[in-house]
Amino acid sequence: MSFIPGIPVPIGGIEKELGKLWEESGDTKTRASLINLAIYNEKPGSLERNTEIIRGIAGEHAMRAILVQADPKAEGSSADAWITMHCYLRGSKGGSVCSEQISFELAGMAARSLQSVVFSHLDSDLPLCLWWQADFRPPIDGKLWRWVDRLLFDSRHWKNPKEQFDLIRQIAGLSEARTVLCDLNWARSLPVRQALAAIFDIPGTLAELQLLRTLELDYAHGSRTTALLLVGWLADRLGWSLSNPSLNPEFRDAQGNTIHVNLTEAEGASISRMRLASEKAEFHLLRESGSDLYVTTATGSDIATTSRMVRAPREETREILLSELSRGGRHPLYTKAVKVVQSLWD
Amino acid sequence: MPTPLVNPLREGIANRLSPEPCTLVIFGATGDLTHRKLIPALYNLAAEGALPPALTIIGFARREKTSEQFRKELEESTRKFSRTPLNEELWAQFASSIIYHQSPFDEAEGYTSLSKQMKEADEKHGTGGNRLYYLAVAPDQFPVILSHLRESGLSTATPGSWARVIVEKPFGKDLKSAQLLNTLVSEVFPECDTYRIDHYLGKETAQNIMVMRFANSIFESLWDSNHISHVQITAVEPLGVEGRAGYYDTSGAMRDMIQNHLLQLLTLTAMEPPTSLSADAIRDEKVKVLRSLRPLRGDDVFKHVVRAQYTAGLINGQPVPGYREADGVPKDSTTETYVALQVNIDNWRWAGVPFFIRTAKRMPKGGTEIAITFKSVPRVLFNQTGEGLDENVLVIRIQPDEGVSLRMSAKMPGSSLRIEPVKMDFHYGTSFGKATPEAYERLLLDAMSGDATLFARRDEVEEAWAFVDGIEEAWKTRSDDLAFHTAGSWGPAEAADLAARHGVTWRRM
């Protein structure tokens, strides 16, 4: 491989080598860690890409990073390891704060025994966040997830979301697991959900929320699951039940009125436009191509016309991951939204 | 179909109360506080989408200017003082909600037209009749503004809406004036709608004191007179009076810092666990600490309190003038720029534990911290002489370099037994790299949401004044106790003696 993710070390002596690295780095460096972040990927070149991501976030969220590039289908067994540190200047005294990174390239048997590799190199007493960058495969192994505090994944990249969402719900249902599920795709939709929720804080608009008849949503190529999760969220929150599962599904509200949903692929941000309409009012959320702002507007015969702008965060993985790690907490509405999304495929 | 009472889309979005649509009227809108703190804080909240969806900001001040001029001035100051860069589009949108209202504070007509403006804003922007008045003016302006708010009916909320007032410190200059001010405010706004800002309480690290104490079992079990030898609370700065001489010379360090900020930190450090996290449950416990403070009066003041003034000296190698040489300070001023005091909290938990409080200008460096020094280990084993081991010290740094450190003893590597102090350090900036919001952002949002937890209650303010008044009264009887120290030094010898009487040395920060 052309990219070398640090100093090569024997796999049985990683902690010792990390200790040496600290001793050699002098006393102006401070080790900091809030979490263990393990990243699992099966694609060649992932160590380089993930090292770049860790370099981008370690300055704002100190951690011990454990990167794994695995080839579980390979013959035999091989395991290589590297260590490095990501350091950032802090304060005026010239000291720097460093996060450690351990990288593994595993093949065959070694790749299939992931637990022994990851668990033996955790920084003790700190939570384990496992970012699973591969497809989940049945059967779901409860032993692995029992030790994972937060399971990160990105449903945007799934080729077969129906099957993957099903496996995710199995993980969520494991009695021995206390794993918090963190879909980065759900995190990606958070600013949209926030901006949309804020529209209905305006007096007079709340009543219209129960009278919506149309939902239009424009999403970028590759972001259909983001759009579906938003639809699932709205349907769950507003008590809609699915009446017609199609590419542009229809729902019914508690009074039996039909809500038409129109999903359109369009250029721009992952979610670039939403329009919610009742008979008397319209609510828009718009992010112009290249803009870093969401503009929301509310108009209607019985409500004051209002327009609002809020900062839209960048949609890079680094930003979304950082936001998710900083926010913490559980996502009880996510599983509810997934339930609706799954019904679209049934 | 009945309208839902709460926005169902809000669930799971944020774990705090939502701010409600309102009109915010800032009295003293052309002043420093508005330009440096309030508008930048509001802009940052707007950029994050944290403000209520409908908000009108009305700047009420005496100077002649148009709304356009006012917005332009605010844009410039926000560009300078905002913690995030100014985005032109965002600013334009935010600024469109700002109106300038020119009027003297003592003219009824100004309030009539303000009322009209607010009603228009309600209709145009859906601010729902909610009013938040921010008194960013000198306290001598409070009576006239408050009485006009009452007479014009602006302080009375219409059914289904609210009217709140935010009062900036100082809340009076002694107990009597504080009571007078509080009575005046209470005649216009009920206590539940009165928000007294002490911006120290909006700081992340001040909020973390309670988290550290009550979310970690290891600290609270040691947090009493059985384990703690003494506590030092320090807030010092290298700056002088910096153009505030007019105010500062009538106030002094005791009123400017101790009565509010440092006594607030003391209460957070010494309070009992509240029964809940509600605003009143927390403030009840803080008030109990103030009530337990052993009063300092008469001769006791001169035994337990040291006041001093800085003289010319060097700060960072640069010569600086003495306090009496500063512009606007009388040459014979006896106003204290340094105060050190030792207080006792007469309750079960803190019996016999001296608390040392210190604040000063023109110190070698700036910082605010709370240092808890634990009792020494028994004089056996490693501490047979009682002099060899440093005590454990837990330091909560409020600013700068916010964090917590713990000093403990460890064996030096080697064949001989040598024990040295080592420090375990937690830095907010190291672990959480992201910038923390300004205190005013949190406090403004809380006032719009109706959460008074981080605001001082009437009885808190009055109890603090009652304690401070005893000292001020004694000081009025003589001035020969006023000590002097060179700017850039750590204070007068008298303060060192005060601590030494308890076997304590002031911490070198």
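No experiment lies behind these values; they were computed from the predicted model shown.

Criteria and thresholds
- Residues numbered from 1 in each chain as written.
- Chains lettered and ligands numbered in written order.
- Predicted model: local features only at pLDDT ≥ 70, side-chain atom pairs only at ≥ 80, totals over all residues.
- Heavy atoms only, no water.
- Helix = DSSP H or I, 4+ residues; strand = E, 2+ residues; numbered from the N terminus.
- Buried < 20%, exposed > 50% of the residue type's maximum accessible area, 1.4 Å probe, protein only.
- Lys, Arg positive; Asp, Glu negative; His and termini not counted.
- Charge placed at Lys NZ, Arg CZ, Asp CG, Glu CD.
- 1 Å grid on protein atoms, 1.4 Å probe; cavity = no way out; pocket = protein on both sides within 12 Å on 5 of 7 lines; lining within 4 Å.
- Points joined across faces, edges and corners; volume = space filled by probe spheres on them.
- Nonpolar A, V, L, I, M, F, W, Y, C, P; charged D, E, K, R; others polar.
- Pairing = 2+ DSSP bridges.
- Contact = heavy atoms within 4.5 Å.
- Axes fitted to C-alpha atoms, helices over the stretch in contact; angles between N-to-C directions.
- Parallel < 35°, antiparallel > 145°, perpendicular 65-115°, else oblique.
- Left-handed = near helix turned anticlockwise from the far one by under 90°.
- Buried area = accessible area lost by both parts, 1.4 Å probe.
- Salt bridge = Lys/Arg side-chain N within 4 Å of Asp/Glu carboxyl O.
- Polar contact = N/O pair within 3.5 Å; in protein donor to acceptor, adjacent residues only side chain to side chain.

Lay out the overall build of chain A with the relevant residues and their values.
Counting its regular elements, chain A contains 11 helices and 17 strands. The C-alpha extent of chain A, read off along each of the three principal axes, is 70 × 50 × 35 Å. For chain A, the proportion of its 346 residues judged to be buried stands at 54%. The average position of the 39 basic charges and that of the 43 acidic charges among the side chains of chain A differ by 3 Å.

How would you summarise empty space enclosed by the protein if you had to cite specific residues and measurements?
The method is simple in principle: a probe with the dimensions of a water molecule rolls over the atoms, and the space it marks as empty is what remains. Tallied over the entire structure, the rule returns four cavities of 30 Å³ or more. Computed from the structure, the largest cavity encloses a volume of approximately 80 Å³. Looking at the largest cavity, the residues that line it are Phe 171, Asp 198, Gln 259, Asn 260, Leu 263, Gln 264, Thr 267, Leu 290, Ala 456, Glu 460, Val 461 and Ala 464 of chain B. Taken together, the elements giving at least two residues each to the lining of the largest cavity come down to helix 9 (245–270) and helix 14 (458–477) of chain B. Residue composition of the lining of the largest cavity, by class: six nonpolar, four polar and two charged. Its volume calculated, the second largest cavity comes out at about 60 Å³. The wall of the second largest cavity is formed by Ala 195, Ala 198, Ile 199, Ile 202, Thr 296, Thr 297, Ala 298, Thr 306, Ser 307 and Arg 308 of chain A together with Pro 53 of chain B. Of all elements in the fold, only helix 7 (184–199), strand 16 (293–300) and strand 17 (306–311) of chain A reach the threshold of two or more residues within the lining of the second largest cavity. Here the residues of the lining of the second largest cavity are counted per class, giving six nonpolar, four polar and one charged.

Just give me the short version of the pairing of strand 8 (residues 150–153) of chain A, but keep the residues and values in it.
Residues and elements named next belong to chain A. Here strand 8 shows a buried face lined by Arg 150 and Leu 152 and a second buried face lined by Leu 151 and Phe 153. In this sheet, strand 9 (residues 180–183) lies alongside strand 8 in parallel orientation, the contact comprising four bridges. Within strand 9, the residue paired with Arg 150 across the bridge is Val 180.

Would you mind going over the sheet that holds strand 3 (residues 98–102) of chain B in detail, with residue names and values included?
All names here are of chain B. With mixed pairing, seven strands are arranged side by side in an open sheet as 3-2-1-4-5-6-17. Only two strands of the sheet have a single neighbouring strand rather than two, namely strand 3 and strand 17 (455–456). Looking at chain direction, strand 1 (residues 22–27) and strand 2 (residues 55–61) are connected through six bridges and run parallel. Of the residues in strand 2, the one forming a bridge with Cys 22 is Leu 55. Strand contacts of helix 13 (residues 439–449): strand 1, strand 2, strand 4 (131–135), strand 5 (163–168), strand 6 (194–197) and strand 17, with the helix running at about 155 degrees to strand 5, the strand carrying the most contacts.

Requested: an account of the packing of helix 7 (residues 204–214) of chain B against helix 9 of chain B, with residues and values cited.
Helix-helix packing: each pair is described by the crossing angle between the helix axes and the interaxial distance. Residue and element names in this part refer to chain B. Relative to each other, helix 7 and helix 9 sit at 15 degrees, their axes nearing to 9 Å. The angle between helix 7 and helix 9 falls in the class roughly parallel. Note that helix 7 runs across helix 9; the crossing there is right-handed. Between helix 7 and helix 9, the residues in contact are Ala 206, Ile 209, Met 210 and Arg 213 and Leu 265, Leu 268, Thr 269 and Ala 270, respectively. Considering only residue class, the contact of helix 7 with helix 9 consists of six nonpolar, one polar and one charged.

Any chance you could break down the interface of chain A and chain B for me, citing the residues and the numbers?
With 41 residues of chain A in contact, the opposing surface of chain B contributes 38 residues. Across the chain A/chain B interface, buried area totals approximately 3,300 Å², and carbon plus sulfur atoms make up 58% of it. Contact with chain B buries surface across chain A, with Arg 308, Met 309 and Arg 311 of chain A losing the most and accounting together for 19% of the total. Here chain A is connected to chain B by two salt bridges. Residue Asp 201 of chain A is joined to Arg 10 of chain B by a salt bridge in which the shortest nitrogen-to-oxygen separation is 2.6 Å. Where chain A touches chain B, the interface holds nine residue pairs in polar contact (both at pLDDT 80 or more). Counting only elements with at least two residues in the side of chain A that touches chain B, the list comes to helix 7, helix 8 (206–209), helix 9 (224–238), strand 17 and helix 10 (317–327) of chain A.

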